[in-house]
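Architecture at a glance
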Amino acid sequence: MDPELKTILCVFAFGLGASIASFLNVVAWRVPRGESIVRPPSHCPKCSAPIRWWQNIPILSWLALRGRCANCRAPISPRYIIVETIGALLFLAVAWVFLPSVSEVLFLWIWCSLMLVGSVIDFDHKLLPDFVTVGGMVLGIAKALADSALMLVYGVDRVAAWLMPVAWSLSGLVFGFGLLWLVRFIGSKAFKREAMGMGDVFLMGAVGALFGPIAVVFTLIVSSVLGSIAGLSLVALAKTKFGRYLEIPYGPYICAACAVWIFFGPWLVNLYLSLMGFN
């Protein structure tokens, strides 16, 4: 791809990611509360003053307003600009790495959006909505079916070849769901209380449907490490005893680990196999 065109597309991706993440902030706030994502229009939760379009430009408006409502000067949570920045960077990174494959970029943009809004909701409410988990499964199977259809279009006549994407997706879904369900079952028996929610189990099934069984193993290991680091950090900051039960949402760490897989996973797996002497 022409470098100048790629640069222009990446700038567009950054702006698009910030805009979509701004909308995802609305979704994350309203959907768990049973509110419409359309009405009423954006407004200050303190004084109910409507937010004008120039006060709602992703990232820039928060900075220009110095994190305060233009009407009542009530503080605006920094989470808004954090989510918008993460969304912008994710979209930019996907475009930079996966262009010129437009289908791959669109597919990953959708999944990154689902992971981002799911993580925010899980942090706030310790639940993962079905449109993220089941939606991820449907997206993975749909992507596999599209890949199989493309093989037919391009003249691949071996049945085993064009069935492979669907088989890989379905096996990943079953493996991801089953593996984390087993972890949940064993953990619940060991701790004599629910070790994790079923939303996490469905989310890992979605990771498997999207990226296959190897990605499930990678995501489980990396998410466990990230979750452990976060848990130990919270224990240290809160000066909580290790014996005390500490409840943290696991979904955001699954999503973070899946993002690592998207950009570095195959390379890290090959590096590990090489170091172990398997390559």
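Our subject in this report is the structure included herewith.

**Examining a nonpolar patch on the surface**
On the surface, a cluster of nonpolar side chains totalling about 860 Å² of accessible area is made up of Phe 264, Trp 267, Leu 271, Tyr 272, Leu 275, Met 276 and Phe 278. Position of Phe 278 among the secondary structure elements: in the segment after helix H9 (251–275). Residue class for Phe 278 comes out exposed when judged on its relative accessible area of 62%.

**Section: the side chain of Ser 22**
Examined against the element boundaries, Ser 22 turns out to sit in helix H1 (residues 3–30). Exposure remark for Ser 22: the relative accessible area of 12% places this residue in the buried category. When neighbours within four sequence positions are excluded, Ser 22 is seen to be in contact with Asn 56, Pro 58 and Glu 84.

**Regarding the state of the cysteines**
For the structure shown, the criterion picks out 0 disulfides. Considering cysteine sulfurs only, Cys 112 is the nearest to Cys 10, which forms no disulfide, with 14 Å between them. When its relative accessible area of 4% is taken as the criterion, Cys 10 is described as buried. This cysteine, Cys 72, is not joined by any disulfide, and Cys 47 carries the nearest cysteine sulfur, 3.6 Å off. Cys 72 gets classed as partly exposed once you look at its relative accessible area, which sits at 32%.

**A look at the packing of aromatic side chains**
Overall, the coordinates contain 7 aromatic pairs when judged by the stated rule. Residues Trp 181 and Phe 185 carry aromatic rings whose centres are separated by 5.4 Å and whose planes lie at 10° to one another, so their mutual orientation is stacked. One end of the pair, Trp 181, and the other, Phe 185, are both in helix H6 (residues 159–191), 4 residues apart, so they sit about a helical turn from each other.

**Considering the nonpolar core**
Ranked by internal contacts, the top residues of the largest apolar core, which has 54 residues, are Trp 111, Met 115, Leu 180 and Phe 211. Where this core is concerned, the elements lending two or more residues are H1, helix H3 (79–98), helix H4 (102–125), helix H5 (130–153), H6, helix H7 (198–211), helix H8 (213–238) and H9. The greatest single-element share of this core, amounting to 12 residues, is contributed by H4. Each residue touching Trp 111, except ones within four places of it in the same chain, is listed here: Val 132, Gly 136, Leu 139, Leu 203, Ala 206, Val 207, Leu 210, Phe 211, Cys 258 and Ile 262.

**Observations regarding the environment of Gly 87**
Among the secondary structure elements, Gly 87 is positioned in helix H3. Residue classification places Gly 87 among the buried residues on the basis of a relative accessible area of 3%. Along the backbone, Gly 87 and Ser 22 are 65 residues apart, and their C-alpha atoms lie at a distance of 8.5 Å. Dropping the residues within four chain positions of it, Gly 87 is found in contact with Gly 17, Ala 18, Ala 21 and Leu 116.

Calculation notes
Residues numbered from 1 in each chain as written. Predicted model: local features only at pLDDT ≥ 70, side-chain atom pairs only at ≥ 80, totals over all residues. Heavy atoms only, no water. Patch = residues over 30% accessible without salt bridge, like charges linked within 9 Å, V, L, I, M, F, W, Y side chains within 5 Å. Areas by Shrake-Rupley, 256 points an atom, 1.4 Å probe, with all protein chains shown as cover. Salt bridge = Lys/Arg side-chain N within 4 Å of Asp/Glu carboxyl O. Helix = DSSP H or I, 4+ residues; strand = E, 2+ residues; numbered from the N terminus. Buried < 20%, exposed > 50% of the residue type's maximum accessible area, 1.4 Å probe, protein only. Contact = heavy atoms within 4.5 Å. Disulfide = S-S within 2.5 Å. Phe/Tyr/Trp six-rings, centres within 6.5 Å; stacked < 30°, edge-to-face > 60°. Core = buried A, V, L, I, M, F, W, Y, C linked by side-chain atoms within 4.5 Å.

Interpretation note: all reported values are geometric properties and have no functional meaning in isolation.
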